[in-house]
Amino acid sequence: EAGVVQSPRYKIIEKKQPVAFWCNPISGHNTLYWYLQNLGQGPELLIRYENEEAVDDSQLPKDRFSAERLKGVDSTLKIQPAELGDSAVYLCASSLVGGQYTGELFFGEGSRLTVL
Amino acid sequence: AQRVTQPEKLLSVFKGAPVELKCNYSYSGSPELFWYVQYSRQRLQLLLRHISRESIKGFTADLNKGETSFHLKKPFAQEEDSAMYYCALLRQGGKLIFGQGTELSVKP
């Protein structure tokens with residue numbers, strides 16, 4: 001089992017450029033999360049999907065960030081245009097929720113973004 | 001506001017010494033709390049959850065509702081325990097909120 005797979009692992013772009021991150025969750029996991037982790041901070045939820053539906057996107061800056069989870073499996077997180085303050089690690093996680101959340105999330109290795 | 005606070009950014013102990021990583025929370029409902037760990041060059045993973053009342057790798061954590069705390073403890077630290085530790089709170093509705101993390105460094 002490969003676990004949650006994210007790509008790219010590292011990305012360096014100039015400000016105002018677009019960037020996209022991809023996540024493939026653990027097979028069978030219906031819930032997918034995107035977290036933002038700034039240096040020296042804990043992960044902060046950006047968006048949570050149950051299957052294809054975004055059930056919590058209150059922390060997603062919708063002016064420049066967008067996400068999708070087509071067919072309820074893979075997900076893409078996009079930033080357009082990127083700003084200097086977007087430099088961070090973007091974590092994807094998945095879990096199997098069968099009517100009740102357990103709090104056990106399985107994380108990917110993260111995508112580290114540097115905006116110059 | 002629902003919040004998780006880890007007051008120590010860095011905790012340094014010698015091998016064999018007891019260790020306690022502090023976690024305080026604020027939550028109006030009945031809390032479900034967790035400890036996650038991230039070892040060097042590895043992904044973030046669940047260490048233990050309060051509801052299971054389990055001991056994992058010698059670590060335990062007791063929920064103290066009176067003090068709104070969920071401190072992580074181990075009587076004898078090992079070098080392989082060196083890692084980042086995050087306390088997390090599961091809100092009703094499924095949102096998992098993390099603290100800022102504590103880096104544990106166990107010196108030989």
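Residues numbered from 1 in each chain as written. Chains lettered and ligands numbered in written order. Predicted model: local features only at pLDDT ≥ 70, side-chain atom pairs only at ≥ 80, totals over all residues. Heavy atoms only, no water.

Draft legend 1. A look at the overall build of chain A. Along chain A, the regular secondary structure elements total zero helices and eleven strands. Helices (α) and strands (β) of chain A occur, in sequence order from the N terminus, as β-β-β-β-β-β-β-β-β-β-β. Here the C-alpha radius of gyration of chain A, 13 Å, is about what a compact globule of 116 residues would show, namely 13 Å. With the principal axes as the frame, chain A shows a C-alpha extent of 40 × 30 × 25 Å. Buried positions account for 47% of the 116 residues belonging to chain A. Partitioning the contacts of chain A with sequence separation of at least 6, the portion at a separation of at least 24 is 54%. (Helix = DSSP H or I, 4+ residues; strand = E, 2+ residues; numbered from the N terminus. Rg over C-alpha atoms; globule rule 2.2 N^0.38 Å. Buried < 20%, exposed > 50% of the residue type's maximum accessible area, 1.4 Å probe, protein only. Contact = heavy atoms within 4.5 Å.)

Draft legend 2. Quick peek at the layout of surface pockets. Of the voids in this model, the largest pocket is the one considered here, and its volume is about 720 Å³. As for the largest pocket, its lining consists of 29 residues, and the residues nearest its centre are Gln37, Val89 and Arg112 of chain A together with Gln38 and Gln42 of chain B. Listing elements by their share of the lining of the largest pocket, those giving two or more residues are strand E9 (88–95) and strand E11 (111–115) of chain A together with strand E9 (83–90) and strand E11 (102–107) of chain B. Here the lining of the largest pocket is composed, by residue class, of eleven nonpolar, twelve polar and six charged. By volume, the second largest pocket amounts to about 330 Å³. Surrounding the second largest pocket, 16 residues form its lining, Pro43, Glu44 and Leu45 of chain A together with Ile97 and Phe98 of chain B being those nearest its centre. Elements represented by at least two residues in the lining of the second largest pocket include exactly strand E5 (44–50) of chain A together with strand E10 (96–98) of chain B. Classifying every residue of the lining of the second largest pocket by side-chain character gives nine nonpolar, five polar and two charged. (1 Å grid on protein atoms, 1.4 Å probe; cavity = no way out; pocket = protein on both sides within 12 Å on 5 of 7 lines; lining within 4 Å. Points joined across faces, edges and corners; volume = space filled by probe spheres on them. Nonpolar A, V, L, I, M, F, W, Y, C, P; charged D, E, K, R; others polar.)

Draft legend 3. Region of interest: the nonpolar core. With 26 residues, the main nonpolar core has Trp35, Leu72 and Tyr85 of chain B as its most contacted residues. Breaking this core down by element, the ones donating at least two residues are strand E2 (10–14), strand E3 (19–21), strand E5 (32–38), strand E6 (45–49), E9 and E11 of chain B. Looking at this core, the element that brings in the most residues is E9 of chain B, giving four residues. Beyond its immediate chain neighbours, meaning those up to four positions away, Leu72 of chain B contacts Val19, Glu20, Leu21, Trp35, Leu47, Leu48, Phe59, Thr60, Ala61 and Tyr85 of chain B. Core analysis: the next-biggest nonpolar cluster, separate from the first, contains 22 residues, Ile13, Phe21, Leu32 and Leu36 of chain A among them. (Core = buried A, V, L, I, M, F, W, Y, C linked by side-chain atoms within 4.5 Å.)

Draft legend 4. Local environment of the packing of aromatic side chains. Under the defined criterion, the tally for this structure stands at ten aromatic pairs over all chains. Through a chain of ring-to-ring contacts, the aromatic side chains of Tyr33, Tyr35 and Phe107 of chain A together with Tyr36, Tyr86 and Phe98 of chain B assemble into a single cluster. (Phe/Tyr/Trp six-rings, centres within 6.5 Å; stacked < 30°, edge-to-face > 60°.)

Draft legend 5. How the structure looks around the side chain of Arg69 of chain A. All names here are of chain A. Counting through the fold element by element, Arg69 comes out in the loop between strand E7 (65–68) and strand E8 (75–79). No salt bridge is formed by the buried Arg69, whose closest oppositely charged neighbour, Asp74, lies at an N-O distance of 7.3 Å. A polar contact of 3.0 Å, which involves the side chain of Arg69, links it to the backbone oxygen of Asn51. Looking at Arg69, its side chain comes within polar contact range of the main-chain oxygen of Val73, at 2.9 Å. Sequence-distant contacts of Arg69, that is, excluding residues within four places in its chain, are made with Pro25, His29, Asn30, Thr31, Leu32, Tyr49, Glu50, Asn51, Glu52, Asp74 and Ser75. (Lys, Arg positive; Asp, Glu negative; His and termini not counted. Salt bridge = Lys/Arg side-chain N within 4 Å of Asp/Glu carboxyl O. Polar contact = N/O pair within 3.5 Å; in protein donor to acceptor, adjacent residues only side chain to side chain.)

Draft legend 6. Geometry of the pairing of E9 of chain A. All names here are of chain A. Burial analysis of E9 places eight of its eight residues in the buried class, which makes it a mostly covered element. Burial of E9 is two-sided: the residues Ala88, Tyr90, Cys92 and Ser94 facing one way and the residues Val89, Leu91, Ala93 and Ser95 facing the other way are all buried. Note: strand E4 (residues 31–37) against E9, seven bridges, orientation antiparallel. Residue pairing for E9: Thr31 is matched across the bridge by Ser95. (Pairing = 2+ DSSP bridges.)

Draft legend 7. A look at the sheet that holds E3 of chain B. Residue and element names in this part refer to chain B. With antiparallel pairing, three strands are arranged side by side in an open sheet as E3-E8-E7. Both edges of this open sheet fall to E3 and strand E7 (60–61), since each of them pairs with a single strand only. When E7 meets strand E8 (residues 72–74), the two strands line up antiparallel, connected through two bridges. The residue bridging Thr60 from the neighbouring strand is Lys73, located in E8.

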